[in-house]
Amino acid sequence: MGGSRYRQADSVSTALHDDVEASVNRIRSCQANQHGIPDNAGDIIRGADGHAESYLHGATVLSTLAGFSLSQDIDVSQNRVYQAYEDRFGPPPAVRGGFRDRFDRSRHADEDAAKASELGSLSDRLSRMAGHLSNGINYRCRNACRDDWVLWTQVGRNHRRINMCPDFFTSGYSESQQAIGIIHELGHNRLRLDHHNANTSAQRVGNPECYASFVADIFGVNSWDSQCPPR
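Just so we're clear, the structure is a prediction, and the values are computed from it rather than from any experiment. (Residues numbered from 1 in each chain as written. Predicted model: local features only at pLDDT ≥ 70, side-chain atom pairs only at ≥ 80, totals over all residues. Heavy atoms only, no water.)

1. Section: the overall build of the chain
Consideration 1: In terms of regular secondary structure, the chain is built from nine helices and seven strands.
Consideration 2: Looking at the 231 residues of the chain, the share that counts as buried comes to 49%.
Consideration 3: Carbon and sulfur atoms provide 40% of the accessible area of the chain, an area that totals close to 10,600 Å². (Helix = DSSP H or I, 4+ residues; strand = E, 2+ residues; numbered from the N terminus. Buried < 20%, exposed > 50% of the residue type's maximum accessible area, 1.4 Å probe, protein only. Areas by Shrake-Rupley, 256 points an atom, 1.4 Å probe, with all protein chains shown as cover.)

2. Focus: the side chain of Gln-178
Consideration 1: With respect to the secondary-structure elements, Gln-178 resides in helix H7 (residues 175-189).
Consideration 2: Each residue touching Gln-178, except ones within four places of it in the same chain, is listed here: Ile-44, Ala-48, Phe-168, Tyr-173 and Trp-224. (Contact = heavy atoms within 4.5 Å.)

3. Focus on the sheet that holds strand E3 (residues 98-100)
Strands belonging to one sheet form pairs held by backbone hydrogen bonds; the direction of such a pair is parallel or antiparallel.
Consideration 1: Spatial ordering of the open sheet is given by E2-E3-E4, a layout of three strands whose pairing is antiparallel. Sheet topology places strand E2 (94-95) and strand E4 (107-108) at the edges, where each strand pairs with a single neighbour.
Consideration 2: In terms of strand pairing, E3 meets E4 through two bridges, oriented antiparallel. Looking at the pairing, Phe-99 lines up with His-108 of E4. (Pairing = 2+ DSSP bridges.)

4. Quick notes on the pairing of strand E5 (residues 137-141)
Consideration 1: Only one face of E5 is covered, namely the face carrying Ile-137, Tyr-139 and Cys-141; the face carrying Asn-138 and Arg-140 is uncovered.
Consideration 2: When E5 meets strand E7 (residues 161-164), the two strands line up parallel, connected through four bridges. Looking across to E7, one finds that Arg-140 is bridged to Asn-163.

5. Observations regarding the packing of helix H5 (residues 111-134) against H7
Consideration 1: Their axes nearest at 10 Å, the elements H5 and H7 cross at an angle of 100 degrees. Classified by the interaxial angle, the pair formed by H5 and H7 is roughly perpendicular. Side by side, H5 and H7 meet where Met-129, His-132 and Leu-133 of the first sit next to Ile-182, Ile-183, Leu-186, Gly-187 and Asn-189 of the second.
Consideration 2: Classifying every residue of the contact of H5 with H7 by side-chain character gives five nonpolar, three polar and no charged. (Axes fitted to C-alpha atoms, helices over the stretch in contact; angles between N-to-C directions. Parallel < 35°, antiparallel > 145°, perpendicular 65-115°, else oblique. Nonpolar A, V, L, I, M, F, W, Y, C, P; charged D, E, K, R; others polar.)

6. Brief notes about the packing of helix H4 (residues 80-89) against H5
Consideration 1: Contact pair H4 / H5: the axes reach a minimum separation of 12 Å and the direction vectors enclose 90 degrees. Judged by the inter-axis angle, H4 sits roughly perpendicular to H5. Along the contact surface, H4 presents Tyr-82, Tyr-85, Glu-86 and Phe-89, while H5 presents Lys-115, Glu-118, Leu-119 and Leu-122.
Consideration 2: Among the residues forming the contact of H4 with H5, the class breakdown is five nonpolar, no polar and three charged.

7. Some thoughts on H5
Consideration 1: Along its 24 residues, H5 runs 34 Å from first to last C-alpha, staying within 8% of the 34 Å computed at 1.5 Å per residue.
Consideration 2: Sitting at the amino-terminal end of H5 is Asp-110, which places a side-chain oxygen 3.2 Å from the backbone nitrogen of Asp-112.
Consideration 3: Of the residues trailing H5, Gly-136 is marked for its positive phi of about 110 degrees. (Expected span 1.5 Å × (residues − 1). Polar contact = N/O pair within 3.5 Å; in protein donor to acceptor, adjacent residues only side chain to side chain.)

8. Describing the environment of Asp-167
Consideration 1: Mapped onto the elements, Asp-167 comes out in helix H6 (residues 166-170).
Consideration 2: Between the C-alpha atom of Asp-167 and that of Gly-36, which follows or precedes it by 131 residues, the distance is 7.7 Å.
Consideration 3: If near-sequence neighbours (up to four positions away) are discounted, Asp-167 is found in contact with Asp-148, Trp-149, Val-150 and Tyr-173.

9. Brief notes about the pattern of salt bridges
Consideration 1: All told, the structure shown has four salt bridges when counted by the stated rule.
Consideration 2: Note that Glu-86 and Lys-115 form a salt bridge whose closest N and O atoms lie 3.3 Å from each other. Pair noted here: Glu-86 is in helix H4 and Lys-115 is in helix H5, with a separation of 29 residues, a long-range link.
Consideration 3: The class for Glu-86 is partly exposed, based on a relative accessible area of 26%.
Consideration 4: The exposure class assigned to Lys-115 is buried, which follows from its relative accessible area of 7%. (Salt bridge = Lys/Arg side-chain N within 4 Å of Asp/Glu carboxyl O.)

In structure tokens:
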């Protein structure tokens, strides 16, 4: 259950991707045009959507295993999932009587127990995002977006629209990077995370990019978003 198991993260994701059915409900306003929407926009969106779902399912399983390993006093210091957790979320806070799981607010006697709990809580949140995605997302292409936005959504539980900006198609992002962008938006519309602050470990739990970058780190993807830098 040590680091060698998690070196198989890429193969886990590939196997899951082969079994994932398309989770796209509807693709609207994505005809090729002069704003940068290509004629194969629908295929690009479906590919990224499928990758996002497989990444979330894989990260859910791997986070659970990392948390279990830690709870059994197995050395996880070189574990890719544990390292991603440390980099993107940092340690749980010390409180009177122990340490607190920032995700579910439970209290634990020691720091490792709190970390194991947080990895389990993180797995639960990723599972909810995966379920939201598998139930179908409505994608809509936009001819123009604010500033340098790549895609965007509204904050709110069970909101199912993700808007795709021209930069999603024209900036040279790989399908894997596009998938990580979709995961970021799921943090907004399923988990209702509404800010991008990352100055403190408490803020990172409420920042959707920390979840997206955590998944990206597990599967060796370079996220284009810098709103949750490694600690």
